[in-house]
Amino acid sequence: MLFKLLIILITLSPLMGQSMFNRWIGSDPFSGSSKSTAMGNSHILNSIGSANTRFNPANLINENSIFTFDIQLEQTSIFERWSMPIRDSFDDVLANADYVANEFSQFGIRGGLSSSINIFQLGQIGIGFHSAPLTNFKYHYTEEVRGTNQIEDGEYASKDPIVGYHNLKTSGAMQISSLGTGFGINLIKQLKIKFGLSINQIHRSTITDNVTIDSLYLEDLTNLSTVTNVTQRSKTDETNFITLSAMLQLTPKITLASSWESSAKLKSKNSSAIINNENGLFQYWNNQDYAINGHNYLKPEILSFGSSFFSNNHSKTLISFEFNRIFYDNHYYLNDFNIIKFGFEHITQFGTPIRAGLTYKTPSMNAMEPISILTFGSGKKINNLILDITGTYCLQSFKHPDLFPVEGDVRLDYDLIRDSQFHLSLSLSYQL
């Protein structure tokens, strides 16, 4: 059954992608292990192995294992559609007609090592190293531009031939390496408390912008934008941030956790960006000029709280709740926002875990709507090997002006953008 599920998810993987705002704010910088992702992205409570080094170093202590090696493959992609409203003679909107459909994906690999030992009767100590993608800035847009032909009766020709293409591509990613430790103390009875600290280094990165206007016929530039072609590369230096965390096990069934990540800013030598005053969204163009120069990225400060309840009366079920507060400190006029997470894991009578969850994000930009993310997954343990597979899906729609400015365009309506994102991850862990 697990093998069939894996084949189905891999078959769906070409339908995945990123957001058009990745160039400024990047993709989600808070993605973790396959298990915690499946459980509503509850990373500080349910990450396993080396992923705890970044999200919750206090959880590096593993009483059931003294050594863990893990590796995880993941792919995140988008299917994006741009639509324009079609009106009747009474100026009523009849439908939204698609004129752009983009598909692209981003591949990543993460992994690391962790170890945990007992210190006499006092408690435990754990250490870990983890390397993973932090975020990426990938966005691909290709628009097929059509013109008009005047044809006589009886002639065979297209009335709207292809005259060229509008192309915009940004690419680049940031990698992070984390080194951390956790210390646990056995208090009275079954009360346990853990503390953790990790240092996280964001490595040097390069972001590339490419804008091209491809004309098929030099004599026919109808409906093509007159913006100039752009090719630019922006480099950022490395920087660090820290993670502090704590866990309190009240009973064998109830656990509380908290985590704090400091912010980190990466900026190229020259950088500039423009926010549209009318809609509050990022702007690619300043009249006919490319409005983006260099790069200015902020890994936001993150404050997290979580709780979990484990029931093993008739069946083994773990239920988790988590709350994240993301602080942007008015960077690029972005709002601070909240993430609310719910996830569960149910162990069947055959020992197979069934995981699912829901993540709810409030918007960081006033023009956007909240997002709900559905998560699901399962796993299998074979002796010392643990295999986990996870998928997440979300759909968002919003209004945006035509991406490429065209002279003589009199449309007052914004285009409708529908952005569906799918994430797939497969992890393998070995424990001693």
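Residues numbered from 1 in each chain as written. Predicted model: local features only at pLDDT ≥ 70, side-chain atom pairs only at ≥ 80, totals over all residues. Heavy atoms only, no water.

(A) Focus on the overall build of the protein chain. Scanning the protein chain for helices and strands turns up five helices and 24 strands. Across the 432 residues in the protein chain, those meeting the buried criterion constitute 47%. Carbon together with sulfur atoms contributes 58% to the accessible area of the protein chain, which is approximately 21,400 Å² in total. (Helix = DSSP H or I, 4+ residues; strand = E, 2+ residues; numbered from the N terminus. Buried < 20%, exposed > 50% of the residue type's maximum accessible area, 1.4 Å probe, protein only. Areas by Shrake-Rupley, 256 points an atom, 1.4 Å probe, with all protein chains shown as cover.)

(B) Summary view of the nonpolar core. Among the nonpolar cores identified, the biggest contains 45 residues, and Met20, Phe21, Tyr139, Leu168, Tyr284 and Phe404 are the most heavily contacted of them. At the level of secondary structure, the elements contributing two or more residues to this core comprise helix H2 (22-25), helix H4 (43-46), strand E1 (67-87), strand E2 (93-119), strand E4 (139-146), strand E5 (162-171), strand E8 (205-215) and strand E20 (337-347). Considering every element that reaches this core, the biggest residue donor is E4, with three residues. Ignoring any residue separated from it by four or fewer positions in sequence, one finds Tyr284 in contact with Met20, Arg23, Trp24, Tyr139, Leu168, Asp289, Tyr290, Ala291, Ile292 and Leu403. Grouped together as the second largest cluster of nonpolar side chains are eleven residues, Ala132, Phe137, Met174 and Ala264 included. (Core = buried A, V, L, I, M, F, W, Y, C linked by side-chain atoms within 4.5 Å. Contact = heavy atoms within 4.5 Å.)

(C) A look at the confidence of the model for the protein chain. Per-residue pLDDT for the protein chain has a mean of 87; in total, 90% of the residues score no lower than 70. Contacts for the low-pLDDT stretch residues 1-18, under 50 throughout, to residues beyond four places or in other chains number 45 contacts. (pLDDT = per-residue confidence, 0-100.)

(D) Up close: the environment of Phe337. Considering the arrangement of structural elements, one finds Phe337 in strand E20. As a C-alpha pair, Phe337 and Phe327 span ten residues in sequence and 7.0 Å in three-dimensional space. Look past the residues within four positions of Phe337 in its chain and what remains in contact with it is Asn324, Arg325, Ile326, Tyr328, Thr362, Pro363 and Ser364.

(E) Focus on unusual backbone geometry. Positive phi values are uncommon outside glycine, yet Asn41 reaches one of about 60 degrees. Its location among the elements puts Asn41 in the loop between helix H3 (34-38) and H4. Using a relative accessible area of 10% as the deciding quantity, one classes Asn41 as buried. Phi at Asn330 is positive, roughly 65 degrees, even though this residue is not glycine. Along the chain, the position of Asn330 falls in the loop between strand E19 (316-327) and E20. Accessibility expressed as a relative area gives 51% for Asn330, which makes it exposed.

(F) How the structure looks around the sheet that holds E5. An order of E4-E5-E8-E9 is seen for the four strands of this open sheet, with the pairing classed as antiparallel. Looking along the sheet, the strands with just one partner apiece sit at the ends: E4 and strand E9 (230-236). Shown here is a sheet whose adjacent strand axes are inclined to one another by a mean of 5 degrees, direction ignored. With eight bridges joining them, E4 and E5 adopt antiparallel strand pairing. In the sheet register, Tyr141 faces E5, and the bridge partner there is Leu168. (Pairing = 2+ DSSP bridges. Axes fitted to C-alpha atoms, helices over the stretch in contact; angles between N-to-C directions.)

(G) How the structure looks around the pairing of strand E17 (residues 296-299). Burial of the side chains of E17 extends over both faces: Asn296 and Leu298 are buried on one face and Tyr297 and Lys299 on the other. Here four bridges tie strand E12 (residues 264-267) to E17, and the two strands are oriented antiparallel to one another. Its bridge partner lying in E17, Lys265 is registered against Leu298.

(H) Structural view of the side chain of Ser425. Residue placement: Ser425 occurs in strand E24 (residues 415-431). Those residues in contact with Ser425 that lie beyond four places of it in its chain are Ser34, Gln72, Leu73, Glu74, Asp388, Ile389 and Thr390.

(I) Spatial organisation of the pairing of E9. Taking every second residue as pointing to the same face, the buried face of E9 carries Val230, Gln232, Ser234 and Thr236, while none of Thr231, Arg233 and Lys235 on the other face is buried. Looking at chain direction, E8 and E9 are connected through seven bridges and run antiparallel. What sits directly across from Thr206, in E9, is Lys235.

(J) Fine view of the pattern of salt bridges. Summed over all chains, the structure comprises twelve salt bridges. Glu261 is the partner of Arg54 in a salt bridge, and the nearest nitrogen-oxygen pair spans 3.0 Å. Remark: Glu261 occurs in strand E11 (residues 254-261) and Arg54 occurs in helix H5 (residues 52-55); sequence separation between them is 207 residues. For Arg54, a relative accessible area of 4% corresponds to the buried category. Put simply, Glu322 and Lys341 hold a salt bridge, and the shortest N to O gap is 3.6 Å. Placement of the pair is Glu322 in strand E19 and Lys341 in strand E20, with a sequence separation of 19 residues. As far as the burial class goes, Glu322 and Lys341 line up, both buried. It is possible to trace a salt-bridge network through shared partners that takes in Arg54, Glu261 and Lys299. (Salt bridge = Lys/Arg side-chain N within 4 Å of Asp/Glu carboxyl O.)

(K) Structural detail: the packing of aromatic side chains. Counted according to the given criterion, the structure contains 16 aromatic pairs. Here Trp285 and Tyr290 contribute two aromatic rings whose centre-to-centre distance is 5.5 Å and whose plane-to-plane angle is 65 degrees, an arrangement assigned as edge-to-face. Residue classification places Tyr290 among the buried residues on the basis of a relative accessible area of 14%. Residue placement shows Lys299 over the ring face of Phe241; its charged tip is 4.3 Å from the ring centre. (Phe/Tyr/Trp six-rings, centres within 6.5 Å; stacked < 30°, edge-to-face > 60°. Lys NZ or Arg CZ within 6 Å of the ring centre and 35° of its normal.)

(L) Representation of the side chain of Ser225 in the model. Relative to the helices and strands, Ser225 resides in the loop between E8 and E9. Among the residues examined, Ser225 registers a relative accessible area of 6% and is labelled buried. Separated by 2.6 Å, the side chain of Ser225 and the backbone oxygen of Pro405 make a polar contact. In this structure, Ser225 is in contact with His166, Ile213, Gln288, Phe404, Pro405 and Val406, ignoring residues within four places of it in sequence. (Polar contact = N/O pair within 3.5 Å; in protein donor to acceptor, adjacent residues only side chain to side chain.)

(M) Geometry of the environment of Lys381. Looking at where Lys381 falls in the secondary structure, it is placed in strand E22 (residues 371-382). Taking relative accessible area as the criterion, Lys381 reaches 57% and is therefore assigned exposed. For the pair Lys381 and Gly351, spaced 30 residues apart in the sequence, the C-alpha separation amounts to 8.6 Å.

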